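Structural description and commentary
Residues per chain are reported as follows:
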Amino acid sequence: MRVTSALTDEHGRRLPLRDGLFGVNGRHRLTEDGRIVVPDGSGGFFARNPRTVAGTTRDGKILLATVDGRSTGSVGTTMDETAALAQALGMRDAVNLDGGGSTAMSVRGALVNRPSGTSERAVGDALVYVDAPYRPRHD
């Protein structure tokens, strides 16, 4: 059996695979070219929740942000508020990542936010940034 896969962008256009190509998966784009583009929606997902956001600035810098929630000290943000925050932080293109009880950020090994619940949640995926030069593997 031969297994194949194809990588596509948010418009369904196929992207060629190459060294140095990285992607991030999220649910709902927040900003595109600096404009807020959150789709209309209702229900729990669009309500106030802890959030994790990734985006890029006009000059190509990567920004990551978390919003705490579900506590008396922080109630989280709606999708619209999250998009406004991304825009205010200068994220030209931003996406909402996994959130809720999975929202946690660690910098140099130290937790820098307050995850909802009683402790950090074990998750099956994570966005990890390592400040080191990229060295493609040549197997």
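Moving on: the overall build of the chain. Along its length, the chain carries one helix and nine strands. Moving toward the C terminus, one meets the helices and strands of the chain in the order β-β-β-β-β-β-α-β-β-β. For the chain, the spread of C-alpha atoms along the three principal axes comes to 50 × 40 × 35 Å. The proportion of buried residues among the 139 residues of the chain is 26%. Here the contacts in the chain between residues at least 6 apart in sequence split such that 62% fall between residues at least 24 apart. About 10200 Å² of surface is accessible on the chain, with carbon and sulfur atoms providing 50% of the total. Measuring between centres, the 18 positive side-chain charges of the chain sit 2 Å from its 16 negative side-chain charges.

Glancing now at the sheet that holds strand S7 (residues 93–96). A sheet is described by the order of its strands in space; here five strands give the open sequence S4-S3-S7-S5-S6, paired in antiparallel fashion. Of all strands in the sheet, those bounded by a partner on one side alone are strand S4 (35–36) and strand S6 (62–67). Strands strand S3 (29–32), S4, strand S5 (51–56), S6 and S7 of the sheet are contacted by helix H1 (residues 79–88), whose axis makes an angle of about 35 degrees with S3.

Moving on to the layout of surface pockets. By volume, the second largest pocket amounts to about 880 Å³. What lines the second largest pocket is a set of 30 residues, and nearest its centre among them are Thr52, Ala104, Ala126, Leu127 and Val128. Among the elements of the structure, S5, S6 and strand S8 (106–107) are those that each provide at least two residues to the lining of the second largest pocket. Element by element, the count of residues in the lining of the second largest pocket is highest for S6, at three residues. Looking at the lining of the second largest pocket residue by residue, the class counts come to 15 nonpolar, eight polar and seven charged.

Okay, the pairing of S5 next. Strand residues, when the strand is regular, have side chains that alternate between the two faces of the sheet. Buried residues dominate S5, accounting for five of its six residues. Strand direction decides the pairing type here: S5 and S6, joined by six bridges, are antiparallel. Bridge pairing in S6 places arginine 51 opposite valine 67. Hairpin connection from S5 to S6: five residues lie between these consecutive antiparallel strands, with glycine 60 at a positive phi of about 90 degrees. Looking at chain direction, S5 and S7 are connected through four bridges and run antiparallel. Counterpart to glycine 55 in the pairing with S7 is alanine 94.

Reading guide: rules and limits
Residues numbered from 1 in each chain as written. Predicted model: local features only at pLDDT ≥ 70, side-chain atom pairs only at ≥ 80, totals over all residues. Heavy atoms only, no water. Helix = DSSP H or I, 4+ residues; strand = E, 2+ residues; numbered from the N terminus. Buried < 20%, exposed > 50% of the residue type's maximum accessible area, 1.4 Å probe, protein only. Contact = heavy atoms within 4.5 Å. Areas by Shrake-Rupley, 256 points an atom, 1.4 Å probe, with all protein chains shown as cover. Lys, Arg positive; Asp, Glu negative; His and termini not counted. Charge placed at Lys NZ, Arg CZ, Asp CG, Glu CD. Pairing = 2+ DSSP bridges. Axes fitted to C-alpha atoms, helices over the stretch in contact; angles between N-to-C directions. 1 Å grid on protein atoms, 1.4 Å probe; cavity = no way out; pocket = protein on both sides within 12 Å on 5 of 7 lines; lining within 4 Å. Points joined across faces, edges and corners; volume = space filled by probe spheres on them. Nonpolar A, V, L, I, M, F, W, Y, C, P; charged D, E, K, R; others polar.

This is a description of form; function is not addressed.
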